[in-house]
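If you want the building blocks of each chain, they are given just below.
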Amino acid sequence: HLALAHGEPVEVLVDSGDVDRAGEGVEDEAREARGEDGVALGSDFDGAMIPDGLGSAAGLPNLVAALRRRQFGDALIEKICFENWMRVLQRTWGA
């Protein structure tokens, strides 16, 4: 699960390719489809096809490294890794 649409979670499937292909999928969503405020990483991997190099939520730093290779800056990585989810959760549950 990699995306938020208009602040609401939506599922974006990443195939079981390598972590760099997963980074490509995040880039497509963040830079082209949904915008940088509309993408967030999740860790609900139960039953999902996990890219090689990721394995579990413990492998998310590998995905972050793939995003850095795609020239994602720290601010955008922070949005994707937690700030976008925090915004949705605060709006949903209240601050």
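Structure: see above.
It should be emphasised that the depicted structure is a prediction, and the values quoted were computed from it without experimental measurement.

1. So, the packing of helix α2 (residues 60-69) against helix α3 (residues 74-93)
Phase 1 of the analysis: Viewed as axis vectors pointing N to C, α2 and α3 meet at an angle of 145°, and their least axial separation amounts to 11 Å. Considering only the axes of α2 and α3, their crossing is right-handed. Note on element contacts: α3 touches α2 through Asp74, Ile77 and Cys81, opposite Val64, Leu67 and Arg68.
Phase 2 of the analysis: A per-class count over the contact of α2 with α3 returns four nonpolar, no polar and two charged.

2. Things to note about the side chain of Lys79
Phase 1 of the analysis: On the secondary structure map, Lys79 appears in helix α3.
Phase 2 of the analysis: Judged by relative accessible area, Lys79 falls into the buried class, the value being 19%.

3. As for the pattern of salt bridges
Phase 1 of the analysis: Scanning the model with the defined rule gives six salt bridges in all.
Phase 2 of the analysis: Residue Glu36 pairs with Lys79 through a salt bridge whose shortest N-O separation is 2.8 Å. Here Glu36, found in the loop between α1 (19-33) and α2, pairs with Lys79, found in helix α3; they are 43 residues apart in sequence, far enough to count as distant.
Phase 3 of the analysis: With a shortest N-O distance of 2.6 Å, Lys79 and Asp37 are connected by a salt bridge. Here Lys79 is found in helix α3, whereas its partner Asp37 is found in the loop between α1 and α2, with 42 residues between them in sequence.
Phase 4 of the analysis: Overall, Asp37 belongs to the partly exposed group, its relative accessible area being 41%.

4. Some words on α1
A turn of α-helix holds 3.6 residues, and therefore any two residues three or four places apart point the same way.
Phase 1 of the analysis: In a regular helix each residue adds 1.5 Å, so 15 residues correspond to 21 Å; α1 covers 20 Å between its end C-alpha atoms and thus fits that length.
Phase 2 of the analysis: When we look at burial in α1, the residues that qualify are Val19, Ala22, Gly23, Val26, Glu27, Glu29 and Ala30. Summarising the axial view, the buried residues of α1 lie within an arc of 165°, below the 170-degree limit, and thus occupy one face. Opposite the buried face of α1, by more than 90 degrees, sit the exposed residues Glu32 and Ala33.

5. With respect to the nonpolar core
Phase 1 of the analysis: By size, the foremost hydrophobic cluster in this structure holds 15 residues, and its most contacted members are Val26, Leu41, Leu63, Phe72 and Ile80.
Phase 2 of the analysis: Taken together, the elements giving at least two residues each to this core come down to α1, α2 and α3.

6. So, the packing of α1 against α2
Helix-helix packing is described using two parameters, namely the angle between the two axes and the distance between the axes.
Phase 1 of the analysis: One way to put it is that α1 packs onto α2 with a least axis distance of 8 Å and a crossing angle of 65°. Between α1 and α2 the crossing geometry is right-handed. On α2, the residues that touch Val19, Asp20, Ala22, Gly23 and Val26 of α1 are Asn62, Leu63, Ala66, Leu67 and Arg69.
Phase 2 of the analysis: Counted by class, the contact of α1 with α2 contains six nonpolar, two polar and two charged residues.

7. Focus: a nonpolar patch on the surface
Phase 1 of the analysis: Taken together, the side chains of Phe82, Met86, Leu89 and Trp93 present a nonpolar region at the surface, about 450 Å² in accessible area.
Phase 2 of the analysis: The residue Met86 is located in helix α3 in this model.
Phase 3 of the analysis: The class for Met86 is partly exposed, based on a relative accessible area of 42%.

Thresholds applied
Counting restarts for each chain: residues are numbered from 1 in the order of the written sequence. Since the coordinates come from a predicted model, pLDDT governs what is reported: local features require at least 70, and pairs of side-chain atoms require 80 or more to be given and counted, while whole-chain, interface and lining totals use all residues. As a convention, hydrogens and water are excluded, and side-chain values are obtained from all of the structure's heavy atoms. Angles run from 0 to 180 degrees between N-to-C directions of axes, and those axes are lines fitted to C-alpha atoms, restricted for helices to the stretch in contact. Where helices and strands are cited, they refer to DSSP runs of H or I of at least four residues and of E of at least two residues respectively, numbered from the N terminus. Should the near helix be turned anticlockwise from the far one by less than a right angle, the crossing is left-handed, and should it be turned clockwise, the crossing is right-handed. We call two residues in contact whenever any of their non-hydrogen atoms come within 4.5 Å of each other. Classification convention: Asp, Glu, Lys, Arg as charged; Ala, Val, Leu, Ile, Met, Phe, Trp, Tyr, Cys, Pro as nonpolar; all other residues, Gly among them, as polar. Burial here depends on accessible area, computed with a 1.4 Å probe over protein chains only, as a share of the maximum for the residue type. Under 20% is buried, over 50% is exposed, and the range in between is partly exposed. Counted as salt bridges are all cases of a side-chain nitrogen of Lys or Arg within 4 Å of a carboxyl oxygen of Asp or Glu. Working rule for helices: expected span equals 1.5 Å times residues minus one. Starting at the helix axis, one direction is taken to each C-beta atom, and the arc is that of these directions. Within this scheme, the nonpolar core is defined by two criteria: the residues are buried Ala, Val, Leu, Ile, Met, Phe, Trp, Tyr or Cys, and they are joined through side-chain atoms within 4.5 Å. Only residues above 30% relative accessible area that lack a salt bridge enter a patch, with like-charged residues linked at up to 9 Å and the nonpolar side chains Val, Leu, Ile, Met, Phe, Trp and Tyr linked at up to 5 Å. With residues, only the protein chains shown are counted as cover, and all accessible areas are computed by Shrake-Rupley using a 1.4 Å probe.

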